[in-house]
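Residue strings, one per chain:
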Amino acid sequence: MFQPGLKGVTAIETVLSQIDGEKGSLVYRGIPIEKIVKQYSFEETAFYLLKGTFPDRYTLATFQDNLKTNRKLPAYVKQIIDLLPKEQAMMDVLRTTISSLTRNETANLDNAIHLIAIIPTIIAYRYRKSAGMSEIEPSMDLDHVENFLYMLTGSVNKNQAKLLESYLIMTMEHGLNASTFAARVTISTQSDIISAVTSAIGTMKGPLHGGAPSGVINLLEEIKTKDRISEIIHKKLDNKERIMGFGHRVYKTTDPRAEGLKAKILELDELPDWVDLALETEKETINILKEYKPDQRLYTNVEYYAAAIMKSLDIDPALFTAIFSASRIVGWCTHAMEQASNNTIFRPGAKYIGK
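Residues numbered from 1 in each chain as written. Predicted model: local features only at pLDDT ≥ 70, side-chain atom pairs only at ≥ 80, totals over all residues. Heavy atoms only, no water.

Peer 1: I would appreciate a short explanation of the sheet that holds strand E3 (residues 31-32) in the present structure.
Peer 2: Paired through backbone hydrogen bonds, the strands of a sheet run either parallel or antiparallel to each other. In space, the 3 strands of this open sheet follow the order E1-E2-E3, with antiparallel pairing throughout. Lying at the two open borders of the sheet, with one neighbouring strand each, are strand E1 (17-20) and E3. Note that E1 and strand E2 (residues 25-28) share 4 bridges and pair antiparallel. Its bridge partner lying in E2, Asp-20 is registered against Ser-25. (Pairing = 2+ DSSP bridges. Helix = DSSP H or I, 4+ residues; strand = E, 2+ residues; numbered from the N terminus.)

The structure is reproduced here in structure tokens:
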């Protein structure tokens, strides 16, 4: 049997997440994502994915302390970052620095904690140095998401942290996506977790996987005002261009992550003009897509409202895919651990079509 891109082929059994594209649902270990994002923190959700149970107060405090003690960048990693060309993209920097980390080969909780903790520091350190700003050392007094924003901006806004935390929780894990598959393939050879995550980062870099939020902002900036929505969308469809932020390979109805992020944005006391534009663009574009492609059910995906959240936090678009990686690192590590616990090397066949 030949399936291009292995589409529709079941390659693993997992207890980590379930996606129902027809119903538009996503569950982490049996719990709907909507419930998790309302009731649990980043740290609690990460622990739940990694271990299968939510931590009690003592276990959570220990987990938080372990994350905090693993935030600091080793001196040699800073040297590597400083030596990289200034024009090097953030995902390239992330790939290079992660591959330089010295951890033992086991895909286990300790190594997962180290990776989850250090990726935000790498991103913040590189961003500030590239922008000509001074480094902000990690804080031992802030939680994971607050510390990430603090290292980026030098201040902590609890409401903004909650908004970013919602995004990071909703994008931690999403089945056997391309980057997770890359991580599992690497681990299946009995390679180490650093190599697996490096593989995943290289895959995430691709615009068909991790680069969509930037495209959404470009779309909204091109539209500019509500009266131009129909004109721009019709023009793009006539030119056979993809409308960024709409449609998903799995979800045939609304993406539950997009709906969750949209709800968080609507909780803001004041909606900026661009948010109003995003809401109206979503509504009009869905109606236009129904006319142009009546046989397809195309709705906003998580990247659409991820872009809205990033813009509300005034985060540089060059950081979007790296911040996505700072979330998905939880899923990558958990899948690596699951793969290692019951391993079979991935070795699909290839159909020869030459002479």
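So much for the structure itself; the text now carries on.
Peer 1: Looking at this structure, I do not really get the environment of Leu-219. What am I missing?
Peer 2: Summarising the element assignment, Leu-219 is placed in helix H11 (residues 212-223). In this structure the C-alpha to C-alpha distance between Leu-219 and Ala-306, which are 87 residues apart in sequence, comes to 14 Å. Excluding anything up to four places from it in sequence, Leu-219 contacts Ile-232, Ile-233, Lys-236, Ile-243 and Met-244. (Contact = heavy atoms within 4.5 Å.)

Peer 1: Hey, could you run me through helix H6 (residues 109-130) in this one?
Peer 2: Two residues of an α-helix separated by three or four positions point the same way, owing to the 3.6 residues in each turn. With 22 residues, H6 extends 32 Å from end C-alpha to end C-alpha; this agrees with the ideal 32 Å at 1.5 Å per step. At Ile-118, H6 is deflected by roughly 25 degrees, the largest bend along its length, and proline Pro-120 occurs up to four residues later in sequence. Counting buried positions along H6 gives 17 out of 22 residues, so the element sits mostly inside the fold. (Expected span 1.5 Å × (residues − 1). Bend = angle between axes of the 7 residues up to and from the residue. Buried < 20%, exposed > 50% of the residue type's maximum accessible area, 1.4 Å probe, protein only.)

Peer 1: Explain unusual backbone geometry to me, please; I cannot follow it from the model alone.
Peer 2: Both trends apply: most residues other than glycine have a negative phi, and most peptide bonds are in trans. Positioned with a positive phi, Leu-6 is a non-glycine residue whose angle comes to about 60 degrees. With respect to the helices and strands, Leu-6 occurs in the segment before E1. With phi around 70 degrees, Gln-190 is a residue other than glycine that occupies positive phi space. Of note, Gln-190 is situated in the loop between helix H9 (178-188) and helix H10 (193-204).

Peer 1: What am I meant to see in the environment of Leu-289 here?
Peer 2: In this structure, Leu-289 sits in helix H14 (residues 273-292). As for Leu-289 and Tyr-299, which are separated by 10 residues in sequence, their C-alpha atoms are 8.7 Å apart.

Peer 1: For this particular structure, what's the right way to read a nonpolar patch on the surface?
Peer 2: Where nonpolar side chains cluster on the molecular surface, the patch consists of Met-1, Leu-6 and Val-9 and spans about 330 Å² of accessible area. Secondary-structure assignment places Val-9 in the segment before E1. Take Val-9: its relative accessible area is 34%, and that puts it in the partly exposed class. (Patch = residues over 30% accessible without salt bridge, like charges linked within 9 Å, V, L, I, M, F, W, Y side chains within 5 Å. Areas by Shrake-Rupley, 256 points an atom, 1.4 Å probe, with all protein chains shown as cover. Salt bridge = Lys/Arg side-chain N within 4 Å of Asp/Glu carboxyl O.)

Peer 1: Sorry if this is basic, but what is going on with the side chain of Arg-257 here?
Peer 2: Residue position: Arg-257 is located in helix H13 (residues 256-266). Judged by relative accessible area, Arg-257 falls into the buried class, the value being 2%. In this structure Arg-257 touches Leu-26, Met-170, His-174, His-248, Tyr-251, Val-302 and Arg-328, once residues within four positions along its chain are discounted.

Peer 1: How should the packing of aromatic side chains be read in this particular structure?
Peer 2: The geometry of an aromatic ring pair comes down to the distance between the two centres and the angle between the two planes. A full pass over the atoms with the stated rule returns 6 aromatic pairs. Centre to centre, the rings of Tyr-40 and Phe-54 are 3.8 Å apart; their planes meet at 10 degrees, and the pair counts as stacked. You can see Tyr-40 sitting in the loop between helix H1 (33-39) and helix H2 (42-51) and its partner Phe-54 sitting in the loop between H2 and helix H3 (57-69), a full 14 residues away along the chain. Centroid distance Phe-246 to Tyr-304: 5.2 Å. Interplanar angle 65 degrees. Geometry classified as edge-to-face. Taken together, the residues span a long stretch of sequence, with Phe-246 in the loop between helix H12 (229-238) and H13 and Tyr-304 in helix H15 (residues 302-312) at a distance of 58 residues. Per residue, the accessibility class of Phe-246 equals that of Tyr-304, and both read buried. Members of the aromatic cluster, each reached through a chain of ring pairs, are Tyr-40, Tyr-48 and Phe-54. (Phe/Tyr/Trp six-rings, centres within 6.5 Å; stacked < 30°, edge-to-face > 60°.)

Peer 1: What am I meant to see in the packing of helix H8 (residues 158-170) against H15 here?
Peer 2: Between two packed helices, the angle of one axis relative to the other and the distance separating the axes together describe the packing. Taken N-terminus to C-terminus, the directions of H8 and H15 make an angle of 155 degrees; their axes are 10 Å apart at the nearest point. When the axes of H8 and H15 are compared, the pair comes out roughly antiparallel. Of the two elements, H8 crosses H15, and the hand of that crossing is left-handed. Of the residues in H15, those in contact with Gln-160, Leu-163, Leu-164 and Tyr-167 of H8 are Ala-306, Ile-309, Met-310 and Ser-312. Looking at side-chain class alone, the contact of H8 with H15 contains 6 nonpolar, 2 polar and no charged residues. (Axes fitted to C-alpha atoms, helices over the stretch in contact; angles between N-to-C directions. Parallel < 35°, antiparallel > 145°, perpendicular 65-115°, else oblique. Left-handed = near helix turned anticlockwise from the far one by under 90°. Nonpolar A, V, L, I, M, F, W, Y, C, P; charged D, E, K, R; others polar.)

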